[in-house]
Amino acid sequence: MNKIGIIDTTFATVDMAKFVFEVLKKELPHYQIEYVTVPGIKDTPVAAKRLLDHGCNMAIVLGMPGAMPIDKQCAHEASIGIQHAMLMTNKHILEVFIHMDEAKNDSDLYALSKDRASKHAMNAVWMLTNPSKMHERAGTGRRQGRADVGAVKVKK
Amino acid sequence: MNKIGIIDTTFATVDMAKFVFEVLKKELPHYQIEYVTVPGIKDTPVAAKRLLDHGCNMAIVLGMPGAMPIDKQCAHEASIGIQHAMLMTNKHILEVFIHMDEAKNDSDLYALSKDRASKHAMNAVWMLTNPSKMHERAGTGRRQGRADVGAVKVKK
Amino acid sequence: MNKIGIIDTTFATVDMAKFVFEVLKKELPHYQIEYVTVPGIKDTPVAAKRLLDHGCNMAIVLGMPGAMPIDKQCAHEASIGIQHAMLMTNKHILEVFIHMDEAKNDSDLYALSKDRASKHAMNAVWMLTNPSKMHERAGTGRRQGRADVGAVKVKK
Amino acid sequence: MNKIGIIDTTFATVDMAKFVFEVLKKELPHYQIEYVTVPGIKDTPVAAKRLLDHGCNMAIVLGMPGAMPIDKQCAHEASIGIQHAMLMTNKHILEVFIHMDEAKNDSDLYALSKDRASKHAMNAVWMLTNPSKMHERAGTGRRQGRADVGAVKVKK
Amino acid sequence: MNKIGIIDTTFATVDMAKFVFEVLKKELPHYQIEYVTVPGIKDTPVAAKRLLDHGCNMAIVLGMPGAMPIDKQCAHEASIGIQHAMLMTNKHILEVFIHMDEAKNDSDLYALSKDRASKHAMNAVWMLTNPSKMHERAGTGRRQGRADVGAVKVKK
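Described below are features of the structure shown in this document. Keep in mind it's a predicted model, so treat the numbers as computed, not measured.

Concerning the pairing of strand β3 (residues 58-63) of chain A
All names here are of chain A.
Here's step 1: When you tally the buried positions in β3, you get six out of six residues, the bulk of the element.
Here's step 2: Of the two faces of β3, the one carrying Met58, Ile60 and Leu62 and the one carrying Ala59, Val61 and Gly63 are both buried.
Here's step 3: For strand β1 (residues 3-9) and β3, the ladder comprises four bridges, and the chain directions are parallel. By the bridge assignment for β3, Ile7 is matched with Val61.
Here's step 4: With five bridges joining them, β3 and strand β4 (residues 93-97) adopt parallel strand pairing.

Things to note about the pattern of salt bridges
Here's step 1: In this structure the tally under the stated criterion is 55 salt bridges over all chains.
Here's step 2: One salt bridge connects Lys3 of chain B with Glu34 of chain B, and the closest N-O pair in it is separated by 3.7 Å. Separated by 31 residues along the polypeptide, Lys3 of chain B in strand β1 (residues 3-9) and Glu34 of chain B in strand β2 (residues 32-38) bring together distant segments of the chain.
Here's step 3: For Lys3 of chain B, a relative accessible area of 16% puts it in the buried group.
Here's step 4: Taking relative accessible area as the criterion, Glu34 of chain B reaches 24% and is therefore assigned partly exposed.
Here's step 5: Lys72 of chain D serves as the salt-bridge partner of Asp101 of chain D, at 3.0 Å between the closest nitrogen and oxygen. Separated by 29 residues along the polypeptide, Asp101 of chain D in the loop between β4 (93-97) and α4 (106-129) and Lys72 of chain D in helix α3 (residues 69-89) bring together distant segments of the chain.

Remarks on the pairing of strand β4 (residues 93-97) of chain B
Residues and elements named next belong to chain B.
Here's step 1: Of all five residues that make up β4, five are buried, and the element is covered over most of its length.
Here's step 2: Of the two faces of β4, the one carrying Ile93, Glu95 and Phe97 and the one carrying Leu94 and Val96 are both buried.
Here's step 3: Handedness of the crossover joining strand β3 (residues 58-63) and β4 through helix α3 (residues 69-89): right-handed.

Considerations on the sheet that holds strand β1 (residues 3-9) of chain D
Residue and element names in this part refer to chain D.
Here's step 1: Pairing is parallel across the open sheet formed by four strands, whose spatial order is β2-β1-β3-β4. Each of the sheet's edge strands pairs with one partner strand only, and the pair in question is β2 (32-38) and β4. Across the sheet, the mean angle from the axis of one strand to that of its neighbour is 15°, orientation sign disregarded.
Here's step 2: Summarising the sheet, β1 and β2 pair through seven bridges and their orientation is parallel. By the bridge assignment, Ile4 is partnered in β2 with Ile33.
Here's step 3: Lying on the sheet, helix α2 (residues 44-53) is in contact with β1, β2, β3 (58-63) and β4; it crosses β1 at an angle near 165°.

Quick word on the interface of chain A and chain C
Here's step 1: Contact with chain A, which involves 36 residues of that partner, is made by 36 residues of chain C.
Here's step 2: Between chain A and chain C, roughly 2,800 Å² of surface is buried when both sides are summed, and carbon and sulfur atoms account for 61% of that area.
Here's step 3: Considering only the side of chain A, the residues that lose the most area to chain C are Leu87, Asn90 and Val152 of chain A, jointly responsible for 22% of the buried surface there.
Here's step 4: Residues Glu95 of chain A and Lys42 of chain C are paired through a salt bridge, measuring 2.5 Å at the closest nitrogen-oxygen approach.
Here's step 5: On the surface where chain A and chain C come into contact, there are 18 residue pairs in polar contact (both at pLDDT 80 or more).
Here's step 6: Elements with a minimum of two residues in the side of chain A that touches chain C: α3 (69-89), β4, α4 (106-129) and α5 (132-137) of chain A.
Here's step 7: The leading source of residues in the side of chain A that touches chain C is α3 of chain A, at ten residues.
Here's step 8: Split into classes, the residues belonging to the side of chain A that touches chain C amount to 14 nonpolar, 14 polar and eight charged.

Rules and cut-offs
Residues numbered from 1 in each chain as written. Chains lettered and ligands numbered in written order. Predicted model: local features only at pLDDT ≥ 70, side-chain atom pairs only at ≥ 80, totals over all residues. Heavy atoms only, no water. Buried < 20%, exposed > 50% of the residue type's maximum accessible area, 1.4 Å probe, protein only. Helix = DSSP H or I, 4+ residues; strand = E, 2+ residues; numbered from the N terminus. Pairing = 2+ DSSP bridges. Salt bridge = Lys/Arg side-chain N within 4 Å of Asp/Glu carboxyl O. Right-handed = clockwise from strand over helix to strand, strands pointing away. Axes fitted to C-alpha atoms, helices over the stretch in contact; angles between N-to-C directions. Contact = heavy atoms within 4.5 Å. Buried area = accessible area lost by both parts, 1.4 Å probe. Polar contact = N/O pair within 3.5 Å; in protein donor to acceptor, adjacent residues only side chain to side chain. Nonpolar A, V, L, I, M, F, W, Y, C, P; charged D, E, K, R; others polar.

The structure is reproduced here in structure tokens:
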């Protein structure tokens, strides 16, 4: 049984897991989803590692760091933890972090969260089942959360 | 025997362990509490790891970094250590840090400490015994120390 | 069979892998190239480690962090991950990062990317097959992306 | 035979080890002291780990980072190393760092060094032989180097 | 056969290895020197670890980070890597980094490089063969690169 792990937090103000579930259920119907909710982003790395150690092929971490300097530090610590969790398990953890100060208002925060979570769910699908889709997009300026910027255009 | 580890410091100016004990004794009466006091926050990661290695299912670290830049750096180093302690043990360590400059005065510092420590103790209870309580709260803007901010409200 | 791993991202706006392939196919025709594309730089360390664990002698990571503070933080986290991936495998990972704010415009970004990627590909060739070429260049102010600055000239 | 490790540096401008020896010889006469001197603080983590791996129950690191930004960074790197050394050995390393810009002048630097080193030596004694002394001091605002600040006083 | 590892970079603008070789050949004639050149400082930690894993008793890393913020970040990442390489091998790596903005001009950069590299080579000699020489210098304000500052003088 193929499995994918989803980790989210009670700190976030948008239910991002919903967007990921929609993509995964459509694109990877044969995958089992393991879902864990923790208090905040610093609790996500070990939660992801536990799922990966118990058979998940990949994990997606959904977090929403606040706008204060201490929140940036927390996000950094969580990201360091996620790096180590990946290296210890040899599996990918896609980090979907929405920094609250990225958004202009609540509607924008919601739209940003939906776009980034959905696109990273699609990245997970391609990485797990069709890596050539990733190769096609190499160096093409893809963005999650906002519109793609595209590859630079230069006369060679 | 289920066990939970509590680590606090002599540096902190509020006895936060008291608040945690109150919640745990009421909610997890069948759990044994292992309690260790160390000098400062940088001594907490290894203290937590030792308890987790000796059978605790989870640990709660109670720390109070000062307001100076060097204190922020110490808190960062402690948090990095806590990340690694979690990944090495595959168990959660809830980090309850009260930054002294979060509080307006001593009364506020006390209230903040009590609220954050109590709420995280309750998070520990749910994570250990009733994860569905965590799922219910996913993406709902929960805060420890202050009032919850709630989920964003958007017309979809 | 000797193998070298190449990892790039869909976030980058220049196809840097092309420049590396050109050098490697000319200089190391007997090496097999393992090529993986991931979403962003924070996904590269584990991708590199996986290739090294599966027999690659070295890896080259091609990334392009953006110009915002959060991008610098991501690059830092990726670099920390790459450090650990190297130490865990005892193999080199050449980190080819182009910071978007290094370049004056798109043409400059393209030229910078080509120069840095090509020169690091040549470093990989020398490190793998002819270390004396590296010794000859020790302390001589070599730069990838821009012109070499050369060794300091002092009257001794 | 119980053993404790002491590590200091040639970079520091105060002989802090002397203060630690005085406390340990009085309070832990039955402990053997292993003493190592290294160039600077970044050399202390591995020196401490080597002593802990060779049977010391605990280590005390005595360092004196300078006042420049680069010195702060070195202290940070040393502290990260010390965190890992503790987690790898499951033993405590008390980090006694005196930042040169904490002191008003040489006399103050000397007094600060003496107070912090002596108090941390006493913490080591209690942690090794009488943990209840630590519990008594939990949340009471203890400081090493300066006077204690005490617990906050609030009407409950 | 006792062995010591020397790692330098093509990025540096001064051949610092020469100064180290002079000291080592005079002071440790019975030691074999293993010498590796890598592109930049971030490539040095794994190079040092490889030498230590293959029998070197100690390593000396010679690097020259540039003056830009990104260079400081690279130096920090390299230093973190070196910390881990030491802890994973239980051996010392003396980090000889010359920050380009430490020097007033090319002559000063050369003199600084020579002084720091030579003094650290002597530290390596003492640490490997005569630790009492280190103990004598504990807390005496030694500096590499510039003149020693000496121990503080206080009326006790």
